[in-house]
Amino acid sequence: MSTLLIGGTGQVGYELARRLAGEDLVVATRSGERVCEGSREAALDVTDLDAVRALIAEVRPMRVINAAAHTAVDRAEAEPDLAFRINAEAPRAMAEACAGIGARLVHYSTDYVFDGSADAPYRVDDATAPLGVYGRSKRAAEEALLDSGADVLILRTAWVYGLRGQNFLRTMLRLGAERDELGVVDDQIGSPTPAWLIAAVTTQLLDRADVGGIHHLVAAGRTSWCGFASAIFDSAVRRGLLQRAPRVKPIPTSAYPTPARRPAFSVLDTGDLTGIGIHLPDWRDALETTLEGVEAPAVG
Ligand SMILES: NC(=O)c1ccc[n+]([C@@H]2O[C@H](COP(=O)([O-])OP(=O)(O)OC[C@H]3O[C@@H](n4cnc5c(N)ncnc54)[C@H](OP(=O)(O)O)[C@@H]3O)[C@@H](O)[C@H]2O)c1
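The chain has the name dTDP-4-dehydrorhamnose reductase in an unreviewed UniProt entry, where Cognatilysobacter xinjiangensis is given as its organism. Regarding the chain, the UniProt comment filed under Function (unreviewed entry) reads as follows: "Catalyzes the reduction of dTDP-6-deoxy-L-lyxo-4-hexulose to yield dTDP-L-rhamnose."

This is how it looks when you write it as structure tokens:
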């Protein structure tokens, strides 16, 4: 079954490309570069909405997976038009094009659609209240896709990391090798989720016609950024990826000001996916599995 994957250079996009390679797969990237063997490549800048529609019309896939997004949460505050173009208008154009040819659209959304004031895991139907431009643009896409008439699957995820791209794991491994002490935010709670897990679950759900609309896809359990950093350092020292762990000093969000406000509590209720037999490992086990893929000293 033919698949068009948009955003093949991103954390999630790359893991998807690797998993789907060998099938009838077209991987679109902004540069048109080849991401992996076993697929055809295409160039697509998703800010060009005509090009988005034209590529879907040309490939005529059975499924489109959109892993492209403006994920620079702080920068989005300064460039809201671009963030909305990439995160909301482009997915809307994809959904309209998919509806026109009967293709399924798989799209990713975020915990940032919530304001983080809850004290129990957010359920899919809980009220959204994004705190910033990124979250608002991602919520706008959810609404547009649900209204589009296309067969859509929207997977809200959070705290995404992996061995590629810019993410907390890679930042910690780099800083951990450089510093004796690190201040890490301790009052934001969420579920660190590796890109490979998102790709693995996505492939399980690709052809599940009975699973549509919005679902929450994160690793099980919860921690703070500080707890995540400590777990990374423990594992990295055990595996010989770091010679010694830096001291991790818990700090409040207020001590690390950023242009975009972030939800304090980002835990998502994944009961609808686990209820249909999808296994979501605990975030600590998922971290260990991720670090097993590191050939020391490959990360840095
Ligand atoms: N990262 C997180 O912590 C997080 C949390 C919650 C939800 N999500 C969602 O999960 C999904 C995947 O995120 P990710 O972390 O894998 O993202 P990522 O690593 O930041 O990758 C973003 C991708 O979007 C592409 N892209 C950006 N602007 C583009 C444009 N104008 N035209 C074409 N491609 C463009 C990038 O291409 P280039 O390489 O050319 O820049 C890259 O391939 C996104 O929907 C994101 O909103 C992420």
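Still more to cover.
Q: Quick one: what's the story with the side chain of Arg63, residue by residue and with numbers?
A: Relative to the helices and strands, Arg63 resides in strand β4 (residues 63-66). A polar side-chain atom of Arg63 sits 2.6 Å from a polar atom in the side chain of Asp207. In contact with Arg63, other than residues within four places in its own chain, are Met1, Ser2, Thr3, Leu4, Glu23, Ala103, Arg104, Leu206 and Asp207.

Q: With reference to specific residues and values, describe the site of the ligand.
A: Of all residues adjacent to the ligand, which total 24 residues, the nearest are Thr9, Arg30, Thr71, Tyr134 and Lys138. In this structure, Arg30 approaches the ligand through a side-chain N or O atom, which is 2.7 Å from an oxygen atom. In this structure, Val46 approaches the ligand through a main-chain N or O atom, which is 2.9 Å from a nitrogen atom. Isolated, the ligand exposes 900 Å² of accessible area, and the fraction of that covered by the protein chains is 83%. The set of elements that each furnish at least two residues to the shell around the ligand consists of α1 (11-20), β5 (104-110) and α5 (133-147). Its residues placed into classes, the shell around the ligand shows 12 nonpolar, nine polar and three charged.

Q: If you had to explain unusual backbone geometry to someone new, which residues and values would you point to?
A: If you check the backbone angles, Arg60 has positive phi at about 45° while not being a glycine. Positionally, Arg60 belongs in the loop between α2 (49-59) and β4. Its identity as a non-glycine residue notwithstanding, Trp159 has a phi of 50°, on the positive side. Among the structural elements, Trp159 can be located in the loop between β6 (151-157) and β7 (160-161).

Q: Could you give an account of the nonpolar core, with specific residues and numbers?
A: Formed by 63 residues in total, the largest nonpolar core has its most connected members in Tyr108 and Met172. If one sorts the elements of this core by residue count, helix α8 (residues 225-238) sits on top with eight residues. If we ignore the near neighbours within four places in the chain, the residues touching Met172 are Leu182, Val184, Ala229, Ile232 and Phe233.

Q: Residue-level account of the pattern of salt bridges, with values.
A: Under the counting rule described, the total for this entry stands at 21 salt bridges. Salt-bridge contacts for Asp207 lead to Arg63; the nearest nitrogen and oxygen are separated by 2.6 Å. Here Asp207, found in the loop between α7 (195-205) and β11 (213-216), pairs with Arg63, found in strand β4; they are 144 residues apart in sequence, far enough to count as distant. A relative accessible area of 47% means that Asp207 is categorised as partly exposed. With its nearest N and O atoms 2.7 Å apart, the salt bridge here joins Asp282 to Arg284. Accessibility expressed as a relative area gives 23% for Asp282, which makes it partly exposed. Each of Arg139, Glu142, Glu143 and Arg156 takes part in a single network of salt bridges with overlapping partners.

Q: Describe in detail α5, supporting the description with residues and values.
A: Note that an α-helix has 3.6 residues per turn; residues three or four places apart therefore point the same way. For α5, built from 15 residues, the straight-helix expectation of 21 Å at 1.5 Å per residue is met to within 8% by its first-to-last C-alpha distance of 21 Å. Buried within α5 are the following residues: Val133, Tyr134, Gly135, Ser137, Lys138, Arg139, Ala141, Glu142, Ala144 and Leu145. Packing partners of the buried residues in α5 comprise α3 (73-78), α4 (80-101), β5, β6 and β11. Count one or two residues on from α5 and you reach Gly149, which has phi positive near 85°.

Q: So what's going on with the environment of Tyr108? Which residues, and what values?
A: Examined against the element boundaries, Tyr108 turns out to sit in strand β5. Considered as a pair, Tyr108 and Ile198 are 90 residues apart in the sequence and their alpha carbons are 9.5 Å apart. Those residues in contact with Tyr108 that sit more than four places away from it in its chain are Val12, Leu16, Ile65, Asn66, Ala67, Lys138, Leu155, Ile198 and Thr202.

Q: Account for the sheet that holds strand β2 (residues 25-29), with residues named and values stated.
A: As summarised here, the arrangement of the seven strands in space is β3-β2-β1-β4-β5-β6-β11, forming an open sheet in which the pairing is parallel. A strand with exactly one partner marks an edge of an open sheet, and here the two such strands are β3 (40-43) and β11. Each neighbouring strand pair of the sheet contributes to a mean axis angle of 20°, computed without reference to strand direction. Of the pairings in the sheet, the one linking β6 to β11 comprises four bridges and is parallel in character. The residue bridging Arg156 from the neighbouring strand is His216, located in β11. In the packing of α1 onto the sheet, contacts are made with β1 (3-6), β2, β4 and β5, and the angle to β1 comes to roughly 155°. Lying on the sheet, α5 is in contact with β5, β6 and β11; it crosses β5 at an angle near 155°.

Rules and cut-offs
Residues numbered from 1 in each chain as written. Predicted model: local features only at pLDDT ≥ 70, side-chain atom pairs only at ≥ 80, totals over all residues. Heavy atoms only, no water. UniProt positions renumbered as here; feature names shortened; annotations may be inferred. Helix = DSSP H or I, 4+ residues; strand = E, 2+ residues; numbered from the N terminus. Polar contact = N/O pair within 3.5 Å; in protein donor to acceptor, adjacent residues only side chain to side chain. Contact = heavy atoms within 4.5 Å. Near = heavy atom within 4 Å. Areas by Shrake-Rupley, 256 points an atom, 1.4 Å probe, with all protein chains shown as cover. Nonpolar A, V, L, I, M, F, W, Y, C, P; charged D, E, K, R; others polar. Core = buried A, V, L, I, M, F, W, Y, C linked by side-chain atoms within 4.5 Å. Buried < 20%, exposed > 50% of the residue type's maximum accessible area, 1.4 Å probe, protein only. Salt bridge = Lys/Arg side-chain N within 4 Å of Asp/Glu carboxyl O. Expected span 1.5 Å × (residues − 1). Pairing = 2+ DSSP bridges. Axes fitted to C-alpha atoms, helices over the stretch in contact; angles between N-to-C directions.

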